[in-house]
Amino acid sequence: MSGPLNEDERAELERLRAEVGTARAETERLTAELHAAAPAAPEEAAAGAAERPRRLWRTPVAVLVLVLGCLLAPISVVAIWSSTTVSDTNRYVQTVAPLAKDPAVQNAVASRTTEEIFKRLDLRGLLSQGVNGILASTHLPPLVEERLRSLVGTISNGIEEFVRSKIGALVKSDQFATAWVQGNRIAHQTMVKVLSGESRAITVQGNTANLQLGPFIDVAKQKLAKAGFAPAASIPQINPSVALFPAKDLLRLQAAYTWLNRLAIILPILTLALLGAAVVLARRHRRMLLAGGLGLAASMVVLGLALVIARAYYLNSLPPDGMPPNAAAAIFDTLARFLQAQLRTLAVVGIVVALGAAATGPSTAAVRTRSALSSGIARLRHGGESIGLRTGRVGSWTYDHRTLLRVVVIIVAGIGFIAWNNPTVAVVLLLALLVLVALAVIEFIARPPREPQGLSGV
């Protein structure tokens with residue numbers, strides 16, 4: 001037989017090639033195992049003995065470097081979160097803005113503000129003085145005087161409910177949401193100074209750190225006066241406080257904040273350098289890449305568990321006169337949500353890297369999968385050529401440089417992930433899909449050299 005192959009013959013040839021590739025990979029694997037198990041020749045044994053001391057150090061050093069990188073990965077994530085969310089005013093305000101619509105936070109603000117106002121405003125005393133003044137200027141029957149005095153409590157309770165409803169309506173309005181954002185923007189600057197030790201807005205009394213509420217009470221007084229509650233204007237200038245957490249935790253937070261901000265740039269770079277160095281130092285780069293991906297994912301799981309423990313510790317350590325647990329939980333979850341998103345993203349990155357390393361390995365499943373994909377793409381390529389879609393010199397050049405092109409695709413995807421602003425799990429999966437598509441396109445465009453004429457008749 002001579003001449004070009006038809007479509008069926010071409011498909012059969014590609015299938016045979018795929019089977020030959022699978023058999024060849026399996027043969028190489030078995031040969032490597034036999035060589036590893038068989039005793040070496042004297043010359044080879046001597047050469048191996050001389051070479052072994054120079055190579056034995058690479059594996060333990062690579063493992064040690066990998067472990068250090070995986071240990072620093074969670075700390076790096078927390079440092080980035082501290083630098084971008086806790087220290088950055090715009091990001092912080094964007095993070096806490098949804099809390100203005102949280103029912104637990106709204107109820108906590110309304111209850112605390114109402115409590116502080118009536119703690120300083122002796123409403124029953126004011127009403128009693130007014131009733132006594134009325135009774136002193138008029139002569140009423142004793143029964144009427146007794147009933148009038150008994151109304152003091154009823155009127156006081158009614159006014160308190162009026163004030164509570166006004167404050168409750170205020171915290172549920174868009175006006176409060178706007179004020180919440182503005183107030184948190186100002187409060188964030190104070191918080192940063194507190195964490196850095198430059199401000200005393202959070203005072204320490206005994207064993208508790210307290211947040212001063214004077215500015216919030218002033219705003220509530222103005223709102224009540226505009227609503228028609230005249231006694232609010234008589235509330236003195238006060239600056240009460242609400243217990244936040246034990247004072248010992250304030251010192252720990254200040255120390256952690258200081259060190260995390262100092263290392264926010266160095267730690268991520270050092271972590272990436274250690275993980276990359278572990279792969280380079282390892283004798284088997286693919287296996288170390290697989291271990292690195294799994295180690296990164298595992299370190300993010302550990303960070304997630306640490307957040308769960310920190311949340312429970314924070315809620316259990318709330319002072320009795322502090323913030324309600326449901327409101328404190330809402331605030332903690334809101335502040336930590338970007339941190340949780342980052343650790344989930346990096347966990348998926350680790351899993352994707354590990355799967356990629358496993359897919360390029362010599363295992364039977366990986367070899368068969370690659371052979372099946374290569375055979376399918378070859379069929380598509382030859383189908384396109386049968387209808388006149390030929391890649392010509394571009395296809396030959398792509399085939400000769402396919403390894404370089406694959407490396408470039410992976411590097412571009414890595415740069416895209418690093419440059420992406422707040423990448424999410426969806427972004428990671430999208431980049432992984434684009435990498436697979438790009439690799440498939442390279443394989444499709446690449447045109448293997450034509451077989452010799454004698455082979456075409458096989």
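Being a predicted model, the structure only gives us computed values, none of them experimental. (Residues numbered from 1 in each chain as written. Predicted model: local features only at pLDDT ≥ 70, side-chain atom pairs only at ≥ 80, totals over all residues. Heavy atoms only, no water.)

**Observations regarding the overall build of the protein**
Keep this limit in mind: What counts as a helix is a DSSP run of H or I of at least four residues, what counts as a strand is a run of E of at least two, and both are numbered from the N terminus. When accessible area is computed with a 1.4 Å probe and restricted to protein chains, residues below 20% of their type maximum are described as buried, those above 50% as exposed, and intermediate ones as partly exposed. The contact rule is simple, with two residues in contact once any of their heavy atoms fall within 4.5 Å. Accessible areas in this description were obtained via Shrake-Rupley with a 1.4 Å probe; residue shielding takes into account the shown protein chains only.
Broken down by element type, the protein carries 18 helices and three strands. Residues classed as buried in the protein amount to 34% of the 458 residues present. In the protein, once contacts between residues fewer than 6 apart in sequence are set aside, the share between residues at least 24 apart is 83%. As displayed, the protein offers around 27,200 Å² of accessible surface, 66% of which is attributable to carbon and sulfur atoms.

**As for the environment of Thr-403**
Topologically, Thr-403 is positioned in helix 16 (residues 402-419). Note on Thr-403: relative accessible area 54%, which makes it exposed. Spatially, the C-alpha atoms of Thr-403 and Ile-442 are 9.6 Å apart, while their sequence positions differ by 39 residues.

**Description of the environment of Val-86**
If you trace the backbone, Val-86 turns up in helix 3 (residues 58-86). Along the chain, Val-86 and Val-192 lie 106 residues apart, while their C-alpha atoms are 7.8 Å from each other.

**Here we look at the UniProt feature "transmembrane region" (unreviewed entry) in the protein**
Selection rule: UniProt positions are given in the numbering used here, feature names are shortened, and annotations may be inferred rather than shown by experiment.
UniProt's entry tags residues 61-81, 259-282, 289-314, 346-367, 403-420 and 426-446 with the feature "transmembrane region" (unreviewed entry), counted in the numbering of this structure. For the annotated span residues 289-314, helix accounts for 100% and strand for 0% of the residues, and the straight-line distance between the end C-alpha atoms is 37 Å. Secondary structure content for residues 426-446 is 95% helix and 0% strand, and the end C-alpha separation is 30 Å.

**Focus: the nonpolar core**
Among soluble globular proteins, nonpolar side chains are generally buried collectively. Threshold: We define a nonpolar core as any set of buried Ala, Val, Leu, Ile, Met, Phe, Trp, Tyr and Cys residues linked to one another through side-chain atoms lying within 4.5 Å.
Residues Met-300 and Leu-339 are the most contacted members of the largest nonpolar core, which totals 20 residues. At the level of elements, helix 3, helix 12 (285-316), helix 13 (325-359) and helix 17 (425-445) are the ones that each hand at least two residues to this core. It is helix 13 that contributes the most residues to this core, six residues altogether. Every residue in contact with Met-300, bar those within four places of it in the chain, is listed here: Ala-73, Pro-74, Val-77, Leu-343, Leu-346 and Ala-347.

**Remarks on the side chain of Gln-342**
Note on placement: Gln-342 falls in helix 13. Each residue touching Gln-342, except ones within four places of it in the same chain, is listed here: Val-77, Ile-80 and Trp-81.

**Observations concerning helix 16**
Which entries qualify depends on this criterion: Given the number of residues in a helix, its expected span is that number minus one, multiplied by 1.5 Å. Each C-beta atom gives one direction from the helix axis, and the arc is the one those directions make.
With 18 residues, helix 16 should cover 26 Å at 1.5 Å per step; its first-to-last C-alpha distance of 26 Å lies within 8% of that length. Listing the buried residues of helix 16 in full gives Val-409, Ala-413 and Phe-417. Buried residues of helix 16 fall within an arc of 70° about the axis and therefore sit on the same side. In helix 16, the exposed residues that point more than 90 degrees away from the buried face are Thr-403, Leu-404, Val-412, Ile-415, Ile-418 and Ala-419. For helix 16, the elements touching its buried residues are helix 13 and helix 17.

**Re the confidence of the model for the protein**
Cut-off, in case you're wondering: Residue-level confidence of the predictor is summarised by pLDDT, bounded by 0 at the bottom and 100 at the top.
Per-residue confidence for the protein gives a mean pLDDT of 75; residues scoring 70 or more make up 62%. Confidence drops under a pLDDT of 50 for residues 47-51, and excluding neighbours within four residues, the segment shows zero contacts in the predicted structure. Note on residues 452-458: pLDDT is under 50 here. Beyond four places in sequence and across chains, it has five contacts.

**Here's the deal with a nonpolar patch on the surface**
Note the threshold: Exposure above 30% relative accessible area and the lack of any salt bridge qualify a residue for a patch; like charges then connect within 9 Å, and the nonpolar side chains Val, Leu, Ile, Met, Phe, Trp and Tyr within 5 Å. Criterion for a salt bridge: a side-chain nitrogen of Lys or Arg within 4 Å of a carboxyl oxygen of Asp or Glu.
A cluster of nonpolar side chains, namely Val-63, Leu-64, Val-67, Leu-68 and Leu-71, defines an oily patch on the protein surface of about 430 Å² accessible area. Taking the relative accessible area as the measure of exposure, Leu-68 reaches 39% and is therefore partly exposed.

**Quick look at the packing of aromatic side chains**
The condition that has to hold: Any two rings among Phe, Tyr and Trp, with Trp reduced to its six-membered ring, count as a pair given centres within 6.5 Å; such a pair is stacked if its planes are under 30 degrees apart, edge-to-face if over 60, and tilted if neither. In this scheme, the term charge over a ring applies when either NZ of a lysine or CZ of an arginine sits within 6 Å of the ring centre and within 35 degrees of the ring normal.
For the structure shown, the criterion picks out one aromatic pair. Between the aromatic rings of Tyr-314 and Phe-332, the centroid separation amounts to 6.0 Å while the plane-to-plane angle is 20°, which identifies the pairing as stacked. One end of the pair, Tyr-314, is in helix 12; the other, Phe-332, is in helix 13, and 18 residues separate them in sequence. It is Arg-262 that lies over the ring of Trp-259; its NZ or CZ is 5.0 Å from the centre.

**Side note on the packing of helix 4 (residues 89-96) against helix 13**
Selection rule: Angles here are taken between N-to-C directions and fall from 0 to 180 degrees, while the axes themselves are lines fitted to C-alpha atoms, restricted in helices to the stretch in contact. Between 65 and 115 degrees an angle is taken as roughly perpendicular, under 35 as roughly parallel, over 145 as roughly antiparallel, and anywhere else as oblique. In this scheme the crossing of two helices becomes right-handed for a clockwise turn of the near helix relative to the far one and left-handed for an anticlockwise turn of less than a right angle. Three classes are used: nonpolar for Ala, Val, Leu, Ile, Met, Phe, Trp, Tyr, Cys and Pro, charged for Asp, Glu, Lys and Arg, and polar for all others, with Gly counted as polar.
Following both chains from N to C, one finds helix 4 and helix 13 inclined at 120°, their axes separated by 9 Å at the closest point. In terms of their interaxial angle, helix 4 and helix 13 are classed as oblique. By crossing handedness, the relation of helix 4 to helix 13 is classed as right-handed. Here Arg-91, Tyr-92, Gln-94, Thr-95 and Val-96 of helix 4 lie close against helix 13, whose contacting residues are Thr-334, Leu-335, Arg-337 and Phe-338. Partitioned by chemical class, the residues of the contact of helix 4 with helix 13 number four nonpolar, three polar and two charged.

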